[in-house]
Amino acid sequence: MRLGGAQLHQAIGQPTALARLGSGSRASWTPNNLGTDLLAFWDAERAATFTLAGSLVTTWADAKNGYAPTQAISGFKPAYSATTFNGRPGVTFDGTDDYLSLESIPFPVGANACEMWVLAGQSALPADATTRTSFAYGGTVASTRRVLYRAVTSGVNRLRFDVGDGSSAVSLNLLTTDLSGNHLQRGVVSSAQIAVSADGGTELTGAVVPATGSTRTRIGGNTANTAAAFWQGPINAILVTNPLSAPNAALLLAYLKTRGGIA
Amino acid sequence: MSLVVIFAVGQEAAADTYLAWCNAHNPDTEAEQWYPDNWLDAHGQRVVGYLGPGGLIWNGMPFPEPEGGEAARGVGVLQEGFDHPEEDE
(Lines give C-alpha, C1' and ligand atoms only; values in the text may rest on other atoms or scores of the structure.)
Protein backbone atom coordinates (compact mmCIF):
# COMPACT_ATOMS: atom_id res chain seq x y z
CA MET A 1 0.00 0.00 0.00
CA ARG A 2 1.38 3.41 -0.88
CA LEU A 3 0.95 6.33 1.51
CA GLY A 4 1.02 9.93 0.50
CA GLY A 5 0.81 13.37 2.01
CA ALA A 6 -0.73 13.52 5.46
CA GLN A 7 -0.96 9.73 5.72
CA LEU A 8 2.78 9.39 5.19
CA HIS A 9 3.59 12.06 7.77
CA GLN A 10 1.30 10.41 10.28
CA ALA A 11 2.82 6.99 9.70
CA ILE A 12 6.40 8.06 10.35
CA GLY A 13 5.58 10.30 13.30
CA GLN A 14 6.37 13.68 11.83
CA PRO A 15 5.91 16.68 14.09
CA THR A 16 2.49 18.20 13.99
CA ALA A 17 1.75 21.47 12.29
CA LEU A 18 2.05 23.35 15.58
CA ALA A 19 5.63 22.18 16.10
CA ARG A 20 6.57 22.94 12.49
CA LEU A 21 5.58 26.56 13.02
CA GLY A 22 8.59 27.35 15.21
CA SER A 23 12.06 26.11 15.88
CA GLY A 24 12.49 23.00 18.02
CA SER A 25 10.20 20.05 18.50
CA ARG A 26 6.97 20.31 20.47
CA ALA A 27 8.54 18.39 23.33
CA SER A 28 11.57 20.67 23.67
CA TRP A 29 10.18 24.13 22.93
CA THR A 30 10.91 26.70 25.59
CA PRO A 31 10.78 30.50 25.58
CA ASN A 32 14.52 30.44 24.82
CA ASN A 33 13.52 29.38 21.31
CA LEU A 34 12.28 32.96 20.82
CA GLY A 35 15.93 33.94 20.47
CA THR A 36 16.54 37.68 20.34
CA ASP A 37 12.82 38.35 20.61
CA LEU A 38 12.98 37.23 24.24
CA LEU A 39 14.04 40.28 26.23
CA ALA A 40 13.52 38.96 29.77
CA PHE A 41 12.21 35.80 31.40
CA TRP A 42 11.63 35.68 35.12
CA ASP A 43 11.09 31.98 35.72
CA ALA A 44 10.15 30.77 39.18
CA GLU A 45 11.03 27.22 38.11
CA ARG A 46 14.73 28.06 38.00
CA ALA A 47 15.75 28.01 41.64
CA ALA A 48 19.22 29.32 40.82
CA THR A 49 17.79 32.66 39.75
CA PHE A 50 16.71 33.49 43.29
CA THR A 51 18.59 35.03 46.17
CA LEU A 52 16.62 34.00 49.23
CA ALA A 53 16.57 34.94 52.89
CA GLY A 54 14.89 31.91 54.42
CA SER A 55 12.13 31.55 51.84
CA LEU A 56 11.82 35.30 51.30
CA VAL A 57 12.90 36.61 47.91
CA THR A 58 15.62 39.23 48.05
CA THR A 59 16.43 39.11 44.34
CA TRP A 60 14.87 37.39 41.32
CA ALA A 61 17.12 37.43 38.28
CA ASP A 62 15.72 37.04 34.80
CA ALA A 63 17.04 33.91 33.10
CA LYS A 64 17.78 35.58 29.76
CA ASN A 65 19.79 38.68 30.62
CA GLY A 66 20.14 38.67 34.40
CA TYR A 67 17.97 41.71 35.07
CA ALA A 68 17.47 41.42 38.82
CA PRO A 69 14.69 43.27 40.61
CA THR A 70 15.33 43.26 44.30
CA GLN A 71 13.87 44.04 47.71
CA ALA A 72 16.01 45.10 50.67
CA ILE A 73 13.21 45.64 53.20
CA SER A 74 12.45 42.34 54.89
CA GLY A 75 8.72 42.95 55.40
CA PHE A 76 8.31 43.77 51.71
CA LYS A 77 9.84 40.56 50.38
CA PRO A 78 7.56 38.07 48.63
CA ALA A 79 7.85 34.39 49.51
CA TYR A 80 9.17 31.61 47.28
CA SER A 81 7.68 28.12 47.37
CA ALA A 82 8.41 25.08 45.23
CA THR A 83 4.73 24.10 45.07
CA THR A 84 2.56 27.18 45.38
CA PHE A 85 1.53 27.63 41.72
CA ASN A 86 -0.43 24.69 40.28
CA GLY A 87 1.84 22.42 42.31
CA ARG A 88 4.86 24.15 40.77
CA PRO A 89 7.23 26.86 41.98
CA GLY A 90 5.98 30.37 42.46
CA VAL A 91 6.68 33.66 44.20
CA THR A 92 3.75 34.71 46.37
CA PHE A 93 3.02 38.40 46.88
CA ASP A 94 0.89 39.18 49.95
CA GLY A 95 -1.17 42.03 48.52
CA THR A 96 -0.19 44.26 51.44
CA ASP A 97 3.34 45.49 50.73
CA ASP A 98 5.37 42.92 48.76
CA TYR A 99 7.14 43.91 45.56
CA LEU A 100 10.45 43.66 43.70
CA SER A 101 12.02 46.65 41.99
CA LEU A 102 14.59 47.23 39.28
CA GLU A 103 15.70 50.85 39.11
CA SER A 104 16.22 50.81 35.38
CA ILE A 105 14.39 49.78 32.24
CA PRO A 106 16.15 47.54 29.77
CA PHE A 107 12.93 47.25 27.69
CA PRO A 108 11.32 49.22 24.89
CA VAL A 109 10.28 52.71 26.01
CA GLY A 110 8.67 55.70 24.36
CA ALA A 111 6.43 54.38 21.60
CA ASN A 112 8.53 51.30 20.95
CA ALA A 113 6.70 47.98 20.76
CA CYS A 114 6.85 45.05 23.13
CA GLU A 115 4.80 42.29 24.70
CA MET A 116 4.36 41.63 28.42
CA TRP A 117 3.34 38.16 29.60
CA VAL A 118 2.52 37.20 33.18
CA LEU A 119 1.58 33.72 34.40
CA ALA A 120 0.11 34.18 37.85
CA GLY A 121 -2.54 33.26 40.37
CA GLN A 122 -4.82 36.03 41.62
CA SER A 123 -6.29 35.43 45.08
CA ALA A 124 -7.92 38.72 46.05
CA LEU A 125 -11.69 38.40 46.43
CA PRO A 126 -14.02 40.65 44.42
CA ALA A 127 -15.11 42.40 47.61
CA ASP A 128 -11.59 43.81 47.75
CA ALA A 129 -11.68 46.68 45.25
CA THR A 130 -7.97 47.48 45.42
CA THR A 131 -6.13 47.57 42.12
CA ARG A 132 -3.28 45.07 42.13
CA THR A 133 -0.29 45.14 39.78
CA SER A 134 1.37 42.02 38.45
CA PHE A 135 4.02 43.71 36.30
CA ALA A 136 4.79 47.25 35.25
CA TYR A 137 7.56 49.38 33.86
CA GLY A 138 8.08 52.96 32.82
CA GLY A 139 7.83 56.33 34.53
CA THR A 140 6.40 56.98 37.94
CA VAL A 141 2.85 57.92 36.99
CA ALA A 142 0.04 56.38 34.96
CA SER A 143 0.66 58.59 31.94
CA THR A 144 4.22 57.29 31.50
CA ARG A 145 4.07 53.58 32.24
CA ARG A 146 2.87 50.20 30.98
CA VAL A 147 1.05 48.11 33.58
CA LEU A 148 -0.80 44.84 33.78
CA TYR A 149 -3.07 44.68 36.80
CA ARG A 150 -6.21 43.37 38.41
CA ALA A 151 -9.20 45.51 39.22
CA VAL A 152 -12.83 44.81 40.10
CA THR A 153 -15.64 45.69 37.72
CA SER A 154 -19.25 45.09 38.74
CA GLY A 155 -18.18 42.66 41.44
CA VAL A 156 -15.90 40.54 39.24
CA ASN A 157 -12.10 40.30 39.12
CA ARG A 158 -10.85 41.61 35.76
CA LEU A 159 -7.55 41.97 33.94
CA ARG A 160 -6.60 45.48 32.94
CA PHE A 161 -3.80 46.88 30.84
CA ASP A 162 -2.94 50.56 30.99
CA VAL A 163 -0.43 52.39 28.80
CA GLY A 164 0.23 56.09 29.14
CA ASP A 165 0.56 58.57 26.28
CA GLY A 166 2.37 61.21 28.28
CA SER A 167 -0.80 63.07 29.27
CA SER A 168 -3.12 60.32 30.44
CA ALA A 169 -3.45 56.56 30.22
CA VAL A 170 -5.48 54.41 27.91
CA SER A 171 -7.02 51.69 30.04
CA LEU A 172 -8.23 48.38 28.65
CA ASN A 173 -10.64 46.42 30.85
CA LEU A 174 -10.96 42.80 29.74
CA LEU A 175 -14.49 41.75 30.63
CA THR A 176 -14.33 38.28 29.08
CA THR A 177 -12.29 36.60 31.84
CA ASP A 178 -12.86 36.34 35.59
CA LEU A 179 -9.33 36.92 36.85
CA SER A 180 -9.70 34.69 39.89
CA GLY A 181 -7.18 31.88 40.21
CA ASN A 182 -4.47 31.06 37.67
CA HIS A 183 -4.42 32.95 34.41
CA LEU A 184 -2.06 34.03 31.67
CA GLN A 185 -1.98 37.76 31.12
CA ARG A 186 -0.74 39.24 27.85
CA GLY A 187 -0.28 42.90 27.04
CA VAL A 188 0.83 43.93 23.57
CA VAL A 189 2.17 47.41 22.80
CA SER A 190 2.71 48.81 19.33
CA SER A 191 3.47 52.33 18.18
CA ALA A 192 -0.20 53.29 17.89
CA GLN A 193 -2.22 50.59 19.65
CA ILE A 194 -2.31 48.35 22.66
CA ALA A 195 -4.05 45.02 23.22
CA VAL A 196 -4.80 42.79 26.18
CA SER A 197 -5.94 39.19 26.44
CA ALA A 198 -6.12 36.42 29.02
CA ASP A 199 -5.39 32.74 28.46
CA GLY A 200 -5.14 33.28 24.73
CA GLY A 201 -8.75 34.37 24.50
CA THR A 202 -10.41 37.28 22.75
CA GLU A 203 -8.15 40.30 22.46
CA LEU A 204 -9.29 43.78 23.46
CA THR A 205 -7.57 46.67 21.72
CA GLY A 206 -7.27 50.43 22.12
CA ALA A 207 -5.61 53.26 20.26
CA VAL A 208 -2.73 55.05 21.95
CA VAL A 209 0.68 56.42 21.06
CA PRO A 210 2.73 55.27 24.04
CA ALA A 211 5.06 57.64 25.86
CA THR A 212 6.67 55.22 28.26
CA GLY A 213 9.26 56.62 30.61
CA SER A 214 12.44 54.95 31.79
CA THR A 215 12.48 55.11 35.58
CA ARG A 216 11.92 51.60 36.87
CA THR A 217 10.55 48.07 36.47
CA ARG A 218 8.41 46.48 39.18
CA ILE A 219 7.07 43.00 39.90
CA GLY A 220 4.07 42.94 42.22
CA GLY A 221 3.65 46.71 42.55
CA ASN A 222 3.24 49.82 40.46
CA THR A 223 6.04 52.15 39.43
CA ALA A 224 5.22 55.06 41.73
CA ASN A 225 8.08 56.39 43.85
CA THR A 226 6.24 54.90 46.83
CA ALA A 227 5.11 51.52 45.57
CA ALA A 228 1.42 50.69 45.78
CA ALA A 229 -1.27 48.51 44.15
CA PHE A 230 0.31 45.28 45.32
CA TRP A 231 -0.33 41.92 43.72
CA GLN A 232 -1.94 39.20 45.80
CA GLY A 233 -1.11 35.64 44.77
CA PRO A 234 1.72 33.57 43.27
CA ILE A 235 3.62 34.46 40.12
CA ASN A 236 5.25 31.64 38.13
CA ALA A 237 6.65 33.51 35.14
CA ILE A 238 7.00 36.95 33.60
CA LEU A 239 8.30 37.56 30.09
CA VAL A 240 9.01 40.66 28.09
CA THR A 241 9.38 40.12 24.37
CA ASN A 242 9.55 41.95 21.09
CA PRO A 243 6.31 41.70 19.10
CA LEU A 244 5.90 37.99 18.39
CA SER A 245 4.88 36.27 15.20
CA ALA A 246 1.58 34.44 15.43
CA PRO A 247 3.27 31.02 15.45
CA ASN A 248 5.70 32.00 18.20
CA ALA A 249 2.93 33.57 20.25
CA ALA A 250 0.96 30.35 19.92
CA LEU A 251 3.93 28.30 21.10
CA LEU A 252 4.54 30.57 24.07
CA LEU A 253 0.85 30.52 24.91
CA ALA A 254 0.75 26.72 24.89
CA TYR A 255 3.93 26.48 26.95
CA LEU A 256 2.69 28.82 29.67
CA LYS A 257 -0.88 27.50 29.76
CA THR A 258 0.53 24.02 30.37
CA ARG A 259 2.44 25.33 33.36
CA GLY A 260 -0.62 27.04 34.73
CA GLY A 261 -2.97 24.12 34.19
CA ILE A 262 -5.09 26.50 32.13
CA ALA A 263 -7.52 24.96 29.68
CA MET B 1 -3.07 39.97 52.91
CA SER B 2 -0.52 40.27 55.72
CA LEU B 3 -0.96 41.47 59.26
CA VAL B 4 0.42 44.89 60.12
CA VAL B 5 0.49 47.05 63.24
CA ILE B 6 -1.08 50.49 62.96
CA PHE B 7 -0.08 53.38 65.20
CA ALA B 8 -2.46 56.33 65.37
CA VAL B 9 -1.31 59.85 64.58
CA GLY B 10 0.65 61.05 67.60
CA GLN B 11 1.97 57.58 68.42
CA GLU B 12 5.03 57.80 66.21
CA ALA B 13 7.38 57.15 69.12
CA ALA B 14 5.54 53.91 69.87
CA ALA B 15 5.87 52.95 66.21
CA ASP B 16 9.61 53.62 66.35
CA THR B 17 9.89 51.45 69.46
CA TYR B 18 8.12 48.55 67.81
CA LEU B 19 10.13 48.89 64.61
CA ALA B 20 13.36 48.85 66.60
CA TRP B 21 12.21 45.70 68.39
CA CYS B 22 11.36 44.07 65.05
CA ASN B 23 14.75 44.99 63.62
CA ALA B 24 16.40 43.36 66.61
CA HIS B 25 14.38 40.13 66.29
CA ASN B 26 14.10 39.83 62.51
CA PRO B 27 15.47 36.45 61.34
CA ASP B 28 16.33 38.04 57.97
CA THR B 29 19.61 39.42 59.23
CA GLU B 30 20.79 40.46 55.77
CA ALA B 31 17.92 42.88 55.22
CA GLU B 32 18.35 46.65 55.51
CA GLN B 33 15.64 46.56 58.15
CA TRP B 34 12.28 44.97 58.88
CA TYR B 35 10.12 47.87 57.67
CA PRO B 36 10.68 51.47 56.52
CA ASP B 37 10.99 54.21 59.13
CA ASN B 38 8.22 56.32 57.68
CA TRP B 39 5.58 54.07 56.13
CA LEU B 40 2.19 55.77 56.40
CA ASP B 41 -1.32 54.64 55.56
CA ALA B 42 -3.92 56.78 53.77
CA HIS B 43 -4.86 58.39 57.09
CA GLY B 44 -1.36 59.48 58.03
CA GLN B 45 -0.92 56.69 60.57
CA ARG B 46 2.37 54.86 60.91
CA VAL B 47 2.41 51.26 59.67
CA VAL B 48 4.88 48.61 60.80
CA GLY B 49 4.65 45.07 59.48
CA TYR B 50 3.76 42.49 62.12
CA LEU B 51 6.71 40.28 63.08
CA GLY B 52 4.75 37.16 63.77
CA PRO B 53 2.42 34.57 62.21
CA GLY B 54 0.38 36.18 59.48
CA GLY B 55 3.00 38.88 59.07
CA LEU B 56 6.08 36.85 58.19
CA ILE B 57 6.64 33.50 56.53
CA TRP B 58 10.12 32.20 57.34
CA ASN B 59 11.48 29.07 55.68
CA GLY B 60 8.00 28.32 54.44
CA MET B 61 6.36 28.45 57.87
CA PRO B 62 4.53 31.16 59.82
CA PHE B 63 7.10 32.87 62.02
CA PRO B 64 6.17 32.71 65.71
CA GLU B 65 6.16 36.10 67.40
CA PRO B 66 9.31 36.32 69.55
CA GLU B 67 8.94 36.76 73.28
CA GLY B 68 8.21 40.36 74.16
CA GLY B 69 6.47 41.11 70.89
CA GLU B 70 3.08 41.92 72.40
CA ALA B 71 4.66 44.33 74.84
CA ALA B 72 6.73 45.87 72.07
CA ARG B 73 3.59 46.52 70.02
CA GLY B 74 2.25 48.60 72.89
CA VAL B 75 -0.60 50.80 71.69
CA GLY B 76 -0.29 49.56 68.12
CA VAL B 77 -3.35 47.88 66.63
CA LEU B 78 -2.94 44.60 64.80
CA GLN B 79 -4.93 44.39 61.57
CA GLU B 80 -4.98 42.72 58.19
CA GLY B 81 -3.72 45.03 55.45
CA PHE B 82 -4.17 48.78 55.45
CA ASP B 83 -5.46 51.66 53.31
CA HIS B 84 -2.66 52.81 51.06
CA PRO B 85 -2.23 56.50 50.27
CA GLU B 86 -3.52 57.76 46.94
CA GLU B 87 -0.82 57.77 44.29
CA ASP B 88 0.63 61.16 43.39
CA GLU B 89 -0.01 62.02 39.76
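The written sequence of each chain sets the order in which its residues are numbered from 1. Numbering of ligands from 1 and lettering of chains from A proceed in the order in which they are written. The model is predicted, so local features are restricted to residues of pLDDT at least 70 and side-chain atom pairs to those at 80 or more, both for listing and for counting; the totals for chains, interfaces and linings are taken over all residues. Hydrogens and water molecules were not included; the side-chain quantities draw on all heavy atoms of the structure.

Peer 1: Where do I start with the overall build of chain A in this structure?
Peer 2: Secondary structure counts use DSSP, requiring at least four H or I residues in a row for a helix and at least two E residues in a row for a strand, with both numbered from the N terminus. Within chain A, the secondary structure is distributed over three helices and 16 strands. Working definition: with a 1.4 Å probe on protein chains only, accessible area under 20% of the residue-type maximum means buried, over 50% means exposed, and in between means partly exposed. Evaluated residue by residue, chain A yields a buried proportion of 55% over its 263 residues. Here, residues are in contact when the closest pair of their heavy atoms is within 4.5 Å. Pairs at least 24 residues apart make up 62% of the contacts formed inside chain A by residues separated by at least 6 positions. Accessible surface is estimated by sampling points in the Shrake-Rupley manner with a 1.4 Å probe; for residues, cover comes only from the protein chains shown. Accessible surface, chain A as shown: approximately 9800 Å² in total, 54% of it carbon and sulfur.

Peer 1: Help me out: how do you make sense of unusual backbone geometry in this one?
Peer 2: Trans is the prevailing form of peptide bonds, just as negative phi is the prevailing case for residues other than glycine. Residues and elements named next belong to chain A. A positive phi is found at Asn86, a non-glycine position, where the angle reads about 55°. As for its placement among the helices and strands, Asn86 is situated in the loop between strand 4 (79-85) and strand 5 (88-94). Asn86 sits in the partly exposed class, given a relative accessible area of 40%. One non-glycine residue, Ala229, lies in the positive phi region at around 60°. Along the chain, Ala229 turns up in the loop between strand 15 (216-219) and strand 16 (232-241).

Peer 1: Would you mind showing me how to read helix 1 (residues 12-25) of chain B here?
Peer 2: One full turn of an α-helix is made of 3.6 residues, so residues set three or four places apart face in the same direction. Residues and elements named next belong to chain B. In this analysis, the expected span of each helix is defined as 1.5 Å times one less than the number of residues it contains. Along its 14 residues, helix 1 runs 20 Å from first to last C-alpha, staying within 8% of the 20 Å computed at 1.5 Å per residue. Within helix 1, the full set of buried residues consists of Ala15, Tyr18, Leu19, Trp21 and Cys22. What you see down the axis of helix 1 is that its buried residues fit within an arc of 160°, all on one side. Turned more than 90 degrees away from the buried face of helix 1 sit Ala13 and Ala24, all of them exposed. Tucked into the core, helix 1 has its buried residues touching strand 1 (3-7), strand 2 (46-49) and helix 2 (69-73). Picture the helix axis, draw a direction to every C-beta atom, and the arc is the one those directions span.

Peer 1: So what exactly am I meant to see when it comes to the sheet that holds strand 1 of chain B here?
Peer 2: Neighbouring strands of a sheet are bound in pairs by backbone hydrogen bonds; such pairs are parallel or else antiparallel. All names here are of chain B. Sheet architecture is open: three strands sit in the order 2-1-5, paired in antiparallel fashion. The open sheet terminates on both sides in strands that have one partner only, identified here as strand 2 and strand 5 (77-80). Taken pair by pair, the neighbouring strands of this sheet meet at an average axis angle of 35°, ignoring direction. By this definition, two strands are paired if DSSP reports at least two bridges between them. Where strand 1 lies against strand 2, four bridges are found, and the strand directions are antiparallel. Paired with Val5 across the bridge in strand 2 is Val48. Across the face of the sheet, helix 1 comes into contact with strand 1 and strand 2 while running at roughly 15° to strand 2. Axes, fitted as lines to C-alpha atoms, cover a helix only where it is in contact. Angles between the N-to-C directions of the axes lie from 0 to 180 degrees.

Peer 1: So what exactly am I meant to see when it comes to the interface of chain B and chain A here?
Peer 2: The figure often quoted for interface size is the accessible area lost as the parts come together. In this assembly, 23 residues from chain B lie in contact with 25 residues from chain A. At the boundary of chain B with chain A, total buried surface from both sides reaches about 1900 Å², with 58% on carbon and sulfur atoms. Summed over both partners, the accessible area (1.4 Å probe) lost when two parts come together is defined as the buried area. The largest per-residue losses of area from chain B upon contact with chain A belong to Met1, Trp39 and Glu87 of chain B, which jointly make up 28% of the total buried on that side. A side-chain nitrogen of Lys or Arg and a carboxyl oxygen of Asp or Glu constitute a salt bridge if their distance falls within 4 Å. At the surface where chain B touches chain A, the tally comes to one salt bridge. As used in this structure description, the phrase polar contact means that two N or O atoms lie within 3.5 Å; if the pair is within protein, one of them must be able to donate a hydrogen and the other to accept it, and residues adjacent in sequence are counted only when both atoms belong to side chains. The interface formed by chain B and chain A includes 12 residue pairs in polar contact (both at pLDDT 80 or more). Of the residues in the side of chain B that touches chain A, the class split is 11 nonpolar, seven polar and five charged. Only Asp, Glu, Lys and Arg are considered charged, only Ala, Val, Leu, Ile, Met, Phe, Trp, Tyr, Cys and Pro nonpolar, and every remaining residue, Gly among them, polar.

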